[in-house]
Every structure is written in C-alpha cells, then in structure tokens.
Amino acid sequence: MKKEKEQEHLNPALPLALDTETELIGAGRLAPRCACVTVAQQRQRAAIYTPRDMVPLLKRWIVESDQWLIGHNIAYDLLVLTRFAPDLCSFVWYLYDTGRVWDLGIHERLYCLGMGWSMHPAIGKPIVTGGVSLADLARGLVSVEYGSLKSSSSSPRMHYGDLIDTPLDQWDEANVRYALMDADTTLTVGLYQMDRLEEVQWSTANHEKIELPSQSLQIRAAWALHHLGAWGLRTCPQRVNEWTDTLTSEHSTLADELKKTGLIRENGKKDLSVIRERVAVAYGDTTPRSEKGNIQTSGEILKESGDDKLIQLAEYQDLDKLKGTFGPTLTSASKRTLSPRWNPLVRSGRV
C-alpha cells in the first residue's frame, strides 16, 4: 500500500488526534520504543510518520495551536514520544498545564458517571472502574468495527516492534492501514464526544455551558501516574530473602501449633468445621452469621474472638497472604523493575 501523503505541517486551527504504534509493553517497559506515529485532523487524510519526523511537527502544532490533542490512553503515547525525544517534554507539559489534552477513555468514564449510568447503554457493559477500549468506544459510539484486529495474535499491533527503524515505504499494506485506522478512529470518537457535550448543553432549560470540571485533573493524574509506573521501583534481594525466611519460619511455627488443635489439617488446609465450632464457643449467643445462617470465620472475626488459637489462625492466614500475594512480587522486583499500573478513576472517585 502506498503511504498516505504526509502533511507538510499540522493545521493549528484544528484538533489533532494522535496515536503511536510501538513494540509490546512488558515488565519494566511501559514506555517502549516507537515504530510510527499517526495523526488525523478534520477534512484531511490521516498521515503516518516516523517518530523522528513527527516530533518537530508536533512541537510546532503545540506552540501555534489552542486546540485539543486527542488520544486514547494518551499518556502512553506522549510518554513514548518523550522517551524518544526528551526535548519534547516541556512542550507536552505545556499541553497539560493549559488543559488541552483530551483522553477518550477518561472522558467517557466521566460522562458515564455524570449521567448516572452503572452500565454504558451504547457499549453494553460497565466502564467506569474497569476502563474502556478504543474498539469498544468505536463500536458503541460511532459504529466502527475493529473485529479481531485488536485481539488477534496475528494483528499488526502485535508486531510493530519488528518494524522499528524500517523505512515506512517498506512496510506491508496491513501495517500502514491499521496504524492509520487507529488515528482516524480516535479523531472520529473524540469529535463525537465533543459534539455530544454541545448537544447536552443546548438541551438544558437555561442553556448553561456543560463542563466536566474534573476532566483536566483526571487526565493530568493519568499522566503523572503513568510516569511513576514506567519509572518503576526495585527491591533489595538480601532484604527480600531475609523477609521471606522470617515469614516462612513464623508460618511453620504457627502451623505446628494449629495442627495440634485440629484447626489446621496435616496437609496445611483449614478444617472449617472445627473452626466454626470454636467461633461458636467464643462468641456464644452473639456468634456472627451470614445471611444464610452459616457461622462466619473472617480474619476480623477470628482476631476479635478472644480465643488465643483463633487469633493465631488469623495470624497464620495473614502470613499466607503475605507469602502468596506479595512474596512473588517482591522477589520479582529484586530481579527486574516492578512497574505498577494505576487506575486514575474508579466509581468512588479514588485512584
């Protein structure tokens, strides 16, 4: 496929949709190398660039324009580009400081909250806490179907790492077409969201301007949090080993004690019938029960029982969680960078 004719400049009078295609993310790699950048604007065909060619065009557009930069999970794309060209950082921070970054997913989640929807009617599932994909937004809002292009292991998006440093005119038609489709779709969805706000504004009785007061805040939070995740953290192997050895020793000692009481079987599993009997004895007439009448055995109930052995059982369960949940993560972080991924917005409004 012949590459789309590149624009000599990006029109500063129009919003700009931007998307990057990169090598795959992985442990310690949340800002991977960039293979290409695609952009789209109204009344112009989407264009594809190398990151080297894109950076000066983007700088000029940022300085000359007062329009939105539109993207889906845009923090990812901008961090990829600033990794490639660190001198782009001040321009990107200026965009965020002036509130000109529009993130499709964050906007739709805020809109969903504002409308009071527990399930998005057009997308057909809850999206606030779990997030929403570009494919879901495209299908639900503007009737654009990706099919298996996003999820298939043979999708072009899975293989752009192999094309880094390969001239664009040597790319297969499928790779170029997919990248351009992402930019076009991002623009289409973004303009739909903006037009929808205008429609809501004029449908109100007093025609007050409709605002999403926390949109800029949430989008800036996503930018900051993605930086923290990409930078990551490491743990000290010696300290992790000492911590693991201490947990293992305490866990083994408690297990031996609890097996004597029958609360723990020889295979290390809990005997719920024995545990419930002791809870019932400890609480008497105030024994906590579930809606179905079963005696409850949560860690909190065990700790407040006043029974030394049940309290030990609660400690044993806590050690199980530490060993099983946090142990592998801390061990992994002693060998390679641990890159947390934060969700900037859940239904409660918390991160």
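Described in the following lines is the structure provided in the data block. As the structure is a prediction and not an experimental result, all values here were calculated from the model.

**Section: a nonpolar patch on the surface**
A surface patch of nonpolar side chains, about 320 Å² in accessible area, is lined by L228, W342 and V351. Residue V351 is classed as exposed on the basis of its relative accessible area, which comes to 60%.

**Remarks on the pattern of salt bridges**
According to the stated counting rule, one finds 12 salt bridges in the structure shown. A salt bridge links R139 to D136, with the nearest nitrogen and oxygen atoms 2.8 Å apart. With R139 and D136 both in helix α5 (residues 134–142), this residue pair falls 3 residues apart, about one helical turn. A salt bridge links K260 to E257; the shortest N-O distance between them is 3.7 Å. Here K260 pairs with E257, and both are found in helix α8 (residues 237–261), just 3 residues apart, close to one helical turn. A residue is classified by how much of its surface remains accessible, and K260, at 66% relative accessible area, is exposed.

**As for the packing of aromatic side chains**
Scanning the entire structure with this criterion turns up 7 aromatic pairs. With a centroid separation of 6.4 Å and an interplanar angle of 40 degrees, the aromatic rings of Y160 and Y178 are classed as tilted. Of the two residues, Y160 is situated in the loop between α5 and α6 (173–203) and Y178 in helix α6; the sequence distance between them amounts to 18 residues. Taking the ring centre of W61 as reference, the NZ or CZ of R100 above it sits at 5.3 Å.

So, how was this worked out
- Residues numbered from 1 in each chain as written.
- Predicted model: local features only at pLDDT ≥ 70, side-chain atom pairs only at ≥ 80, totals over all residues.
- Heavy atoms only, no water.
- Patch = residues over 30% accessible without salt bridge, like charges linked within 9 Å, V, L, I, M, F, W, Y side chains within 5 Å.
- Areas by Shrake-Rupley, 256 points an atom, 1.4 Å probe, with all protein chains shown as cover.
- Salt bridge = Lys/Arg side-chain N within 4 Å of Asp/Glu carboxyl O.
- Buried < 20%, exposed > 50% of the residue type's maximum accessible area, 1.4 Å probe, protein only.
- Helix = DSSP H or I, 4+ residues; strand = E, 2+ residues; numbered from the N terminus.
- Phe/Tyr/Trp six-rings, centres within 6.5 Å; stacked < 30°, edge-to-face > 60°.
- Lys NZ or Arg CZ within 6 Å of the ring centre and 35° of its normal.

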